[in-house]
Structures are given as C-alpha cells and as structure tokens.
Amino acid sequence: MQLVVGKIGRAHGIRGDVSVEVRTDEPELRLGPGAVLLTDPASAGPLTVESGRVHSGRLLLRFAGVKDRNAAEALRGTLLISEVDPEERPDDPEEYYDHQLIGLDVVLLDGTPVGELTEVVHLPYQDLLTVKKADGTEVLVPFVSQIVPTIDLENQRAVITPPAGLIDPEQAEVAGRAAAEPEASGESDESAASDESAASGESAASAESGRSGESERSGESE
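Attention here is on the structure that accompanies the text. Predicted model, so just to flag it, every value in this text is computed and none were measured. (Residues numbered from 1 in each chain as written. Predicted model: local features only at pLDDT ≥ 70, side-chain atom pairs only at ≥ 80, totals over all residues. Heavy atoms only, no water.)

### What to know about the overall build of the chain
Reasoning step 1: Secondary structure assignment for the chain yields five helices and twelve strands.
Reasoning step 2: The contacts of the chain with a sequence gap of at least 6 include a subset with a gap of at least 24, amounting to 47%.
Reasoning step 3: Counting every atom, the chain has about 13700 Å² of accessible surface; 49% of that belongs to carbon and sulfur. (Helix = DSSP H or I, 4+ residues; strand = E, 2+ residues; numbered from the N terminus. Contact = heavy atoms within 4.5 Å. Areas by Shrake-Rupley, 256 points an atom, 1.4 Å probe, with all protein chains shown as cover.)

See the structure below:
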C-alpha cells in the first residue's frame, strides 16, 4: 500500500535542503533519516532521507545525492510516497490510515444505514469524513469522537451520532420549529400580561415590559 506522506516545497539555503509539507501523522517514522521514498513524478526518485530538522515551524529535509540549491529546487512540487503494510496500524489506537477508513459502511447508533465512507478530507483544524448516501448525495461528518464514537474495522463499519440536521436537513427544520414554539408562547403570555397592566393604568408595568423586551433581543443577538 502506497501513501503520500509529504510534498516538497521550496529549496532552503545552498546545501540542498528542501522544505516539506508533511502529510503524515508519523513524520519521525515516514520521513526520518534513512527512509527511502518513492516519488510522483517517478523520475524524481526514489529519494533517501539523509537528514532532517525543524526550522521556523517547517520540516527541512536533505536527500542523499542532492547537494546544492539548484538540485533541491528541481524537486519542488514532488510528492513523497511511502510503502506501508496494509495491515499496519498507527501507534495511537485512536488514529487510522485513510485507506483503512475508505469503504466503511456508515451507520447510526441504532444500526440504521447512512451510507459509505468515500474520502477523508484533511483540514488544518480537523479531519472530515465524506459519506455518500444511498440517494447519491454526500455529507461531511467531522471526525471527532463525539460524532464518530466507533470505528469497527473488523466489521467494516463506522458508527456515528450526528447532530440534528447533519445527515437529514429536515430534522434541523423540525428542531428549529420546536425550539421556536416555546418562545412564541412566552411572547404571547408576556403580551397578554402587558395588555392587562395597560388596561389597569399601571405605567410602571408597561416600562418593565419594555425592559423585558430589550433583554430578549439582547439574548437573541448573543
């Protein structure tokens, strides 16, 4: 199994170092000294990592045989590919390789089918799971334990507990209407109380009602 673990960026300095955009959770293993990497395009490799260091938050690598800035710059844009045993798992039991997740059946906690996991989208702030539903539409599910509590590789399924509306937008509409009904009821009661106070000539009660209305608007804006 081949995994893209990095992408070569700009040359750094004059001795052949290059910056690398890391695309693996295990850079020490995949991009450490001695690692032999395939490349895309294939003509650029294979490349053997000679040394590595972090500079200003970026990983800098030097490859065997790449001795100057010109040679380093020629590698810019090259993808670095690592050979991985399909049965291998990350050291952290809560982490998974993309190929282990793609193709899993996605179900709700009660077993209701949702769809098939077709892609893992890696974003700077979190990962998202692309789920293709039976009707052909796709939804993005945040890959966090609160929403994806179980990855069952043995039974090839991912169990999710999505918030209302994530999978079915109509559920969000129903939840929204249900939340709005008590508010409407409260406003109606307050209006009735205000009318009664006005009828009895109590202007202070009317002022209290005005303050109450401001408080509600403030709460809504928050």
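Right, picking up where we left off after that structure.
### Description of unusual backbone geometry
When glycine is set aside, most residues are seen to have a negative phi, and most peptide bonds are trans.
Reasoning step 1: Of note, the amide linkage connecting D40 to P41 takes the cis form, showing an omega dihedral of 15 degrees.
Reasoning step 2: Within the secondary structure layout, P41 lies in the loop between β3 (36-40) and β4 (47-55).
Reasoning step 3: The residue Q156 is not glycine, and still its phi comes out positive at about 55 degrees.
Reasoning step 4: Take Q156: it is sitting in the loop between β11 (150-152) and β12 (157-160).

### Concerning the pattern of salt bridges
Reasoning step 1: If you walk through the whole model with that rule in mind, you get five salt bridges.
Reasoning step 2: A salt bridge links E21 to R23; the shortest N-O distance between them is 2.9 Å.
Reasoning step 3: Classification of E21 as partly exposed rests on a relative accessible area of 42%.
Reasoning step 4: One salt bridge connects D152 with R157, and the closest N-O pair in it is separated by 4.0 Å.
Reasoning step 5: The class for R157 is partly exposed, based on a relative accessible area of 35%.
Reasoning step 6: By sharing partners, the salt bridges in this structure join D17, R53 and R62 into a single network. (Salt bridge = Lys/Arg side-chain N within 4 Å of Asp/Glu carboxyl O. Buried < 20%, exposed > 50% of the residue type's maximum accessible area, 1.4 Å probe, protein only.)

### What about the side chain of T39?
Reasoning step 1: Within the fold, T39 resides in strand β3.
Reasoning step 2: Residue T39 is classed as buried on the basis of its relative accessible area, which comes to 9%.
Reasoning step 3: One polar contact links the side chain of T39 to the main-chain carbonyl oxygen of P41, over a distance of 2.7 Å.
Reasoning step 4: Discounting residues that sit within four places of it in the chain, T39 has contacts with A44, G45, L47, T78, L79, L80 and I81. (Polar contact = N/O pair within 3.5 Å; in protein donor to acceptor, adjacent residues only side chain to side chain.)

### Digging into the environment of L129
Reasoning step 1: Along the chain, L129 falls in strand β9 (residues 127-133).
Reasoning step 2: When its relative accessible area of 2% is taken as the criterion, L129 is described as buried.
Reasoning step 3: Between the C-alpha atoms of L129 and L117, which are twelve residues apart in sequence, the distance is 6.7 Å.
Reasoning step 4: Residues in contact with L129, not counting those within four places in the same chain, are L101, L117, E119, V120, V139, L140, V141, F143 and V148.

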